[in-house]
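Results of the structural survey
Listed here are the chains, written in short residue letters.
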Amino acid sequence: MIFTNGRLIFPDGIRDDLEIVAEKGKIVTIHGRTTPREREVIDLHGNYLAPGFVDLHVHGALGRDTMETSTDAFRSICNFHASGGTTSFLLTTATAPMNKLVEVLDAVRDCRSSNDAIAGVHVEGPFISKAKCGAQRAEFIQEPSPTAVQQLLDYADVIKRVTIAPELPGALEAIKEFREHGISVSGGHSDAWDEEARAGFNRGMRSVTHTFNCMSSARRRGVYRVGGLLEFALSEPQISCELIADGHHVSATLMKMLYRAKGAGGICLVTDATAGAGFPNGSLFSLFGNECVVEGGVCLLADHSALAGSASRMIDLVRTMVRDVDVPLHEAIMMAAENPARAIGLEIKGRLAVGADADFVVFSPDLEVVRTFIRGEEIWSE
């Protein structure tokens, strides 16, 4: 299968003179354009070809939620986000009792082999701060006890990422345990002081969850001003920052500040999409028992007291970064594909490179998705 007549996007720029050959779901050759023979040809008609997007933070879409523990729900979520170019994603939990989280992990373990887009689970909570819970249900928040941590470690084959507040009692040991079992640890929903964030980093925390949202920032401690999780993340080169670039969660000025601080390699675009994604304004939905509404293109708690995730797809975030933050397109694509793949150890995803999976998103000059492929198989087209 030859993908030709497109503009290929690499981390260092865009090439108009190349084509990709894929066989058995893998990229086998990237070379100059030729007259194709004896292969199926995919004519890209001058559109962009980028590596498929990797979304580390997806709760749901179209009224369906990860917490349903339903294969049908997972499929609906996958199909919606494929329309935005996502080819790999982490089904993300809400803060809930441990037995409910185990149900989700069992369901994902059972169905993952039949859905190539599901890369695993992002456990967001219950080890978070009640002071920074956002739309999460505070009554289910708990400290990371050895017993609770072990319940999650039993699913280390499924869990790719855990969000944790590093200041909680027991958090540092939990971070170390998760890291040693190959699970990416992200600081988030946290009220940590600078030194508490660094202590988490020293135990293996290498990212932060939805930067600027539900995290501590600089404040006074006595007569002194001390940084929080935000400032620590901005200042530490080894910390990767999730960013919900939907134009609602974070203003353009703050996104520009993050880009200047972290550079293109330090940002992972995430949708944090909830069940309201894909619904029109005014639609009601539930986030694990919390009533929510879609308004102005974003999801809110029904009482308007907090944001409740986004209504966006990954291509929407790329468009925001290019148009509102003035990020070059190839760098925005790196934030949507290679960076998140690297953050959770998906070595064969997120890149246009020989040996990588043939996961592609084709989109127009107006940054609208035209086609999406996983391992060379088309899973969505306009």
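To be clear, the structure that these remarks concern was listed above.
So, here is what we can say about the structure in this document. What you see is a predicted model, and the numbers here were worked out from it, not measured in a lab. (Residues numbered from 1 in each chain as written. Predicted model: local features only at pLDDT ≥ 70, side-chain atom pairs only at ≥ 80, totals over all residues. Heavy atoms only, no water.)

What to know about the environment of glycine 228
Relative to the assigned elements, glycine 228 resides in the loop between strand 17 (224-226) and helix 6 (229-235). Judged by its relative accessible area of 0%, glycine 228 falls in the buried class. Sequence spacing of glycine 228 and proline 280 is 52 residues, and the spatial spacing of their C-alpha atoms is 36 Å. In contact with glycine 228, not counting residues within four places along its chain, are Ala192, Trp193, Asp194, Ser216, Ser217 and Ala218. (Helix = DSSP H or I, 4+ residues; strand = E, 2+ residues; numbered from the N terminus. Buried < 20%, exposed > 50% of the residue type's maximum accessible area, 1.4 Å probe, protein only. Contact = heavy atoms within 4.5 Å.)

Here we look at the pattern of salt bridges
In this structure the tally under the stated criterion is 24 salt bridges. The shortest N-O distance in the salt bridge between lysine 26 and aspartate 357 comes to 2.7 Å. One end of the pair, lysine 26, is in strand 5 (residues 26-32); the other, aspartate 357, is in the loop between helix 10 (338-343) and strand 24 (360-363), and 331 residues separate them in sequence. Judged by its relative accessible area of 25%, lysine 26 is partly exposed. Among the salt bridges present, the one from arginine 313 reaches aspartate 316, with a minimum N-O distance of 3.3 Å. Owing to a relative accessible area of 16%, arginine 313 belongs among the buried residues under this scheme. What makes aspartate 316 buried here is its relative accessible area of 18%. Among the ionic contacts, a cluster of salt bridges with common partners joins Lys26, Lys349, Asp357, Asp359 and Arg375. (Salt bridge = Lys/Arg side-chain N within 4 Å of Asp/Glu carboxyl O.)

A look at helix 1 (residues 71-82)
Between its first and last C-alpha, helix 1 extends 16 Å over twelve residues, near the 16 Å set by a 1.5 Å rise per residue. Taken residue by residue, helix 1 has Ala73, Phe74, Ile77, Cys78, Phe80, His81 and Ala82 as its buried positions. (Expected span 1.5 Å × (residues − 1).)

Some words on the nonpolar core
Phe178, Leu243, Leu269, Val318, Met321 and Phe363 are the most contacted members of the largest nonpolar core, which totals 84 residues. Here this core gets eight residues from one element, more than from any other, and that element is helix 2 (residues 98-111). Among all residues touching leucine 243, those that are not within four sequence positions of it are Val250, Met255, Leu258, Ile267, Cys268, Leu269, Val270 and Met321. Judged by nonpolar contacts, the second largest core, of 17 residues, contains Phe10, Leu352, Val362 and Val370. (Core = buried A, V, L, I, M, F, W, Y, C linked by side-chain atoms within 4.5 Å.)

Here's the deal with empty space enclosed by the protein
Tallying each qualifying case throughout the model produces one cavity of 30 Å³ or more. Roughly 80 Å³ of volume is contained in the largest cavity. Ile9, Phe10, Pro11, Pro51, His330, Ile333, Met334, Ala337, Glu338, Gly350, Arg351 and Leu352 together form the lining of the largest cavity. Looking at the lining of the largest cavity, the elements with two or more residues in it are strand 2 (7-10) and helix 9 (329-336). Counted by class, the lining of the largest cavity contains eight nonpolar, two polar and two charged residues. (1 Å grid on protein atoms, 1.4 Å probe; cavity = no way out; pocket = protein on both sides within 12 Å on 5 of 7 lines; lining within 4 Å. Points joined across faces, edges and corners; volume = space filled by probe spheres on them. Nonpolar A, V, L, I, M, F, W, Y, C, P; charged D, E, K, R; others polar.)

Some details on the environment of threonine 253
One can find threonine 253 in helix 7 (residues 252-262). The spacing of threonine 253 and aspartate 324 is 71 residues in sequence and 9.1 Å in space, taken between C-alpha atoms.

Looking at the pairing of strand 24
The two faces of strand 24 match: Phe360 and Val362 on one face and Val361 and Phe363 on the other face are all buried. As defined by bridge partners, strand 7 (residues 48-51) adjoins strand 24 across four bridges and the pair is classed as antiparallel. Residue pairing in the sheet places alanine 50 in a bridge with valine 361 of strand 24. Across four bridges, strand 24 lies against strand 25 (residues 369-374) in antiparallel orientation. Pairing of phenylalanine 360 across the sheet is with phenylalanine 373, part of strand 25. Between strand 24 and strand 25, which pair antiparallel one after the other, the connecting turn spans five residues, and leucine 367 there sits at a positive phi close to 65°. (Pairing = 2+ DSSP bridges.)

Thoughts on the packing of helix 8 (residues 314-324) against helix 9
Where helix 8 meets helix 9, the axes come as close as 9 Å, and the angle between the chain directions of the two elements is 145°. Along this stretch, helix 8 crosses helix 9, giving a crossing that reads as right-handed. On the side of helix 8, the interface is formed by Met314, Val318, Met321 and Val322, while helix 9 contributes Leu329, Ala332, Ile333, Met335 and Ala336. Its residues placed into classes, the contact of helix 8 with helix 9 shows nine nonpolar, no polar and no charged. (Axes fitted to C-alpha atoms, helices over the stretch in contact; angles between N-to-C directions. Left-handed = near helix turned anticlockwise from the far one by under 90°.)

Remarks on the sheet that holds strand 1 (residues 2-4)
If you trace the four strands from one edge of the open sheet to the other, you get 5-4-1-6, paired in mixed fashion. Looking along the sheet, the strands with just one partner apiece sit at the ends: strand 5 and strand 6 (41-43). Here the average twist between neighbouring strands, direction ignored, is 20°.

Topic: the sheet that holds strand 7
Through backbone hydrogen bonds, the strands of a sheet pair up, either in parallel or in antiparallel fashion. Read across the sheet, six strands follow the order 3-2-7-24-25-26 without closing on themselves; strand pairing throughout is mixed. Looking at the sheet topology across the chains shown, the edges are occupied by strand 3 (13-15) and strand 26 (377-381). The sheet shows a mean angle of 25° between the axes of neighbouring strands, direction not considered. With two bridges connecting them, strand 2 and strand 7 associate as parallel partners. The partner of arginine 7 across the bridge, within strand 7, is tyrosine 48.

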